[in-house]
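# Analysis of the macromolecular model
Spelled out from the first residue to the last, the chains are:
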Amino acid sequence: MDVTVVEVAPRDGLQNEPEIVSTADKIRLIERSIAAGVRRIEAVSFVHPRRVPQMADAEAVLAGVPRMDGVSYAGLVFNERGLDRALAAGVHEINVVVVATDTFSLRNQGCTVADGIERWRALAARAADSGLVRTVTIAAAFGCPFEGEVAESTVLELVRRVAQDGPQEIALADTIGVGTPDRVRALVAATGAIAPDADVRCHFHNTRNTGYANAFAALEAGARVLDASTGGIGGCPFAPAATGNIATEDLLYTLDRMGYVTGIDLGRVIETGRWLGEVLAAPVPALLGRAGPFPPETK
Ligand code: ZN
């Protein structure tokens with residue numbers, strides 16, 4: 001069975017790094033991912049540079065990456081200005097985040113949930129006119145760092161509302177890594193039933209070591225697109241104690257062993273994870289770089 005892994009290290013992975021990574025290294029990271037077989041890359045965020053300085057060179061990154069048939073670049077977009085920038089920079093996809101709780105929404109996006117839905121609505125219409133692929137992400141879908149539990153009914157009501165604007169993809173994000181597989185299974189299945197025309201995508205952080213179990217629960221419930229970051233780097237600048245995304249190499253190991261087809265070469269991602277550790281001057285959280293694949297490669 002085919003699974004699409006969206007590489008998010010250049011965006012979610014790097015945006016929480018305190019040291020600014022050079023534009024050249026960001027481009028190298030993307031080039032290495034493409035060479036490994038990745039075809040969808042969340043490359044940048046069109047956020048105001050004052051809020052996330054690491055993303056200030058979004059235009060320069062997108063000007064420097066290779067343009068190839070079948071390779072799709074996504075950018076996070078928060079407002080009209082961000083969409084202007086995304087269109088000018090030549091992204092193929094936009095990802096618009098709607099946060100599930102007002103407190104986190106105000107901190108992360110500077111607007112309420114209701115206003116977030118209106119923003120998505122306007123951005124989706126313009127992006128559709130421009131021929132861009134549209135993903136809408138529901139953040140804090142499994143719990144909020146400020147308000148605590150988020151009811152399943154709250155998330156599903158949001159799914160119902162954002163689905164009206166025709167996204168190709170609805171992503172459920174466990175922004176702070178609190179979800180468990182039972183909850184993932186239920187939300188993914190219900191999202192698929194509410195929005196049968198959209199693909200269900202999932203975004204997991206491994207903050208409490210539930211990320212990989214959640215990823216496989218999502219696949220079993222019908223999700224076909226998973227976000228992961230090489231090395232397992234990442235976090236959210238506006239969510240206290242949020243840690244890295246699930247690691248691309250650790251996810252690929254189990255996908256490969258279980259017979260899921262991704263088109264991505266595990267060995268190459270392991271090498272990129274090690275390289276990323278050198279760039280960031282700290283070992284990455286991913287385990288495959290230490291343990292190696294199994295069976296061991298014979299070359
Ligand atoms: Zn994230």
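In what follows, the accompanying structure is described. (Residues numbered from 1 in each chain as written. Predicted model: local features only at pLDDT ≥ 70, side-chain atom pairs only at ≥ 80, totals over all residues. Heavy atoms only, no water.)

Our focus in this paragraph is the coordination of the zinc ion. Taken together, Asp12 (OD), His203 (NE2) and His205 (NE2) make up the protein donors of the zinc ion, found 2.0 to 2.1 Å from the metal. Written as a sequence motif, the donor residues of the zinc ion are D-x190-H-x1-H. Taken as a pair, Asp12 in helix H1 (residues 9-13) and His203 in strand S7 (residues 199-204) lie far apart in primary sequence, 191 residues in all. Each member of the pair, Asp12 together with His203, is buried. (Donors = N, O, S within 2.8 Å, 3.2 Å for Na, K, Ca; no water. Helix = DSSP H or I, 4+ residues; strand = E, 2+ residues; numbered from the N terminus. Buried < 20%, exposed > 50% of the residue type's maximum accessible area, 1.4 Å probe, protein only.)

Below, the discussion takes up the layout of surface pockets. In this model, the largest pocket occupies a volume close to 510 Å³. Along the wall of the largest pocket there are 35 residues; nearest its centre are Ser45, Leu76, Phe78, Asn108 and Gln109. Considering only enclosed or pocket space, the second largest pocket measures out at about 180 Å³ in volume. Along its surface, the second largest pocket is lined by Asn206, Asn209, Tyr212, Gly232, Gly244, Asn245, Ala247, Asp250, Pro285, Ala286 and Leu287. (1 Å grid on protein atoms, 1.4 Å probe; cavity = no way out; pocket = protein on both sides within 12 Å on 5 of 7 lines; lining within 4 Å. Points joined across faces, edges and corners; volume = space filled by probe spheres on them.)

For strand S5 (residues 133-139), the buried fraction is high: 6 of the 7 residues fall into the buried class. Here 4 bridges tie S5 to strand S6 (residues 169-174), and the two strands are oriented parallel to one another. The residue bridging Thr137 from the neighbouring strand is Ala171, located in S6. Between the parallel elements S5 and S6, the chain passes through helix H7 (residues 152-163) in a crossover that is right-handed. (Pairing = 2+ DSSP bridges. Right-handed = clockwise from strand over helix to strand, strands pointing away.)

As a further point, take the pattern of salt bridges. Where side chains of opposite charge bring their charged atoms close, a pairing between them can arise. On inspection of all chains with the given rule, the structure shows 17 salt bridges. Glu80 serves as the salt-bridge partner of Arg126, at 2.5 Å between the closest nitrogen and oxygen. With Arg126 in helix H6 (residues 113-129) and Glu80 in helix H4 (residues 80-89), this pair connects stretches of sequence that are 46 residues apart. Take Arg126: its relative accessible area is 29%, and that puts it in the partly exposed class. Here Arg121 and Asp165 are joined by a salt bridge, their closest N and O atoms 3.0 Å apart. Of the two residues, Arg121 sits in helix H6 while Asp165 sits in the loop between H7 and S6, which places them 44 residues apart along the sequence. (Salt bridge = Lys/Arg side-chain N within 4 Å of Asp/Glu carboxyl O.)

Turning our eyes to something else, we now look at unusual backbone geometry. Here the residue pair Phe294 and Pro295 is connected by a cis peptide bond, since its omega of -5° sits within 30 degrees of zero. In this structure, Pro295 sits in the segment after helix H12 (288-291). Even without being a glycine, Ala140 presents a positive backbone phi close to 60°. When its relative accessible area of 1% is taken as the criterion, Ala140 is described as buried. Not every positive phi belongs to a glycine, and Asn209 is a case in point at roughly 60°. Relative to the helices and strands, Asn209 resides in the loop between S7 and helix H9 (211-220).

What H4 keeps buried is the set Gly82, Leu83, Arg85, Ala86 and Ala89. The buried side chains of H4 occupy one side of the element, clustering within an arc of 160° when seen end-on. Looking at H4, the residues exposed on the side facing more than 90 degrees away from the buried face are Arg81 and Ala88. Along its buried surface, H4 packs onto helix H3 (58-64), strand S4 (93-99) and H6. In the stretch just after H4, Gly90 is the one whose phi turns positive, near 80°. (Arc of directions from axis to C-beta. Contact = heavy atoms within 4.5 Å.)

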